[in-house]
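Notes for the structure review
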Amino acid sequence: MSTSTSAILGLIFLGLANASVFLMFKLWGYPFDKETHTSEAPPALILLHRLIGYAYAILYVFMMWYMVPRLWNYQVELPARTVAHLMLGITIGVLILIKIAILRFFRHFEEAMPYIGTCLLICTYLLIGLSVPFTFREAALRTQTGAFSDEGIARTRQLLENAGLPAEAPLDQLASKRKLREGQHVLQRKCVVCHDLRTILVKPRTPSDWVRLVNRMAIKPMIGEPIHQEEEWTVSAYLIAITPDIQVSVREQRQERMRVDEAREAAQIVTVAMEAEAATGTPAVAYNEAEAKALFEDKCSQCHPFTDVEDYPPRSKEETTEVIARMIETGLYLEEEEIEIITRYINENYLEE
């Protein structure tokens, strides 16, 4: 089952839960004979509620039939979101069994049905909220990548020529949207059994490197289902196709590290300049105490209360430099002159003697 189909079924599942619970609220507004366990509600509404309940239970079983086996083809240590998703799914199943048991065998507990139905609705909202938004986000990301564009497919087809695939590999088919989707699914279902996707996609590789890497992984002993030869080809083609996107990500990370290193170096230069200023008595930049305080409070309060500096003041000028460097590393943008002003303000007002 594809992720888009799962998302659609999830939304239908949520719709059935809403319809069942709110129709139940309406039905419980009619007079009810506790001795005979009969309601004066219109029979048509009772039948509709029953059919919706059956559809909800059948769809639950259908989705679990496909979802649960996938857990055996995933990492041994499941991510937190997957664990929460699994626990909610189990809870919904238990509540459905309790509801069926009350309707069939324990009618004296029938007054608890609205509470059970409400719990089912809450669990369903949480279950769908943990899965469907991420599915749509994944679909949006797919449209942003150039791997599935005509240019990306043409590029992939050309690179496959020298990727070292066997002569029997159908290069034209591998460089198609359908096969690239299949390769993506192999990556998501089988490769994650032993690896986190972040480790797989940590750096770009040449086409031949991807082919050799996939082949090396495929012949290793596996916990889950093995990767067949055709799946090797499709996942290799997919990894070759998304390599430009990996390169962009790596380039952005490299630029971010360079920016942080430059900011750290600038903070160190400012510290040296301030020491020279103290020795000569000549200020490097114009300094106004009130303006410096306003700048300090404005910049430092973007990530945390500026009173944190009062509670945990730096113990040396070097530590002040390190604190400002960490602020820049977490995303705070400062001009060199602002670094000098804030550094001087902290050293003059908060530095422990």
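Just above sits the structure.
Here we summarise the structure given alongside this text.

The next subject is the side chain of Glu232. Residue placement: Glu232 occurs in helix H11 (residues 229–280). When near neighbours in sequence (up to four residues on either side) are disregarded, Glu232 contacts Val214, Asn215, Ala218 and Ile227.

Let us look at the side chain of Thr234. Looking at where Thr234 falls in the secondary structure, it is placed in helix H11. The class for Thr234 is buried, based on a relative accessible area of 3%. Setting aside chain neighbours within four positions, we find Thr234 in contact with Leu174, Lys179, Glu182, Gly183 and Val186.

We now examine the nonpolar core. Ranked by internal contacts, the top residues of the largest apolar core, which has 30 residues, are Phe13, Tyr56, Leu59, Ile92, Ile96 and Leu120. Among the elements of the structure, helix H1 (3–27), helix H2 (43–71), helix H3 (80–104) and helix H4 (113–129) are those that each provide at least two residues to this core. By residue number, the principal contributor to this core is H1, which donates 10 residues. Excluding anything up to four places from it in sequence, Leu120 contacts Tyr56, Ile92, Leu95, Ile96 and Lys99. Phe148, Leu171, Val235 and Ala237 belong to the second-largest nonpolar core, a separate cluster that totals 25 residues.

In this section: the packing of aromatic side chains. Evaluated as defined, the whole model comprises four aromatic pairs. Judged by centre distance (6.4 Å) and plane angle (65°), the ring pair of Phe105 and Phe106 falls under edge-to-face. Look at Phe106 and you get partly exposed, because its relative accessible area is 39%.

Rules and cut-offs
Residues numbered from 1 in each chain as written. Predicted model: local features only at pLDDT ≥ 70, side-chain atom pairs only at ≥ 80, totals over all residues. Heavy atoms only, no water. Helix = DSSP H or I, 4+ residues; strand = E, 2+ residues; numbered from the N terminus. Contact = heavy atoms within 4.5 Å. Buried < 20%, exposed > 50% of the residue type's maximum accessible area, 1.4 Å probe, protein only. Core = buried A, V, L, I, M, F, W, Y, C linked by side-chain atoms within 4.5 Å. Phe/Tyr/Trp six-rings, centres within 6.5 Å; stacked < 30°, edge-to-face > 60°.

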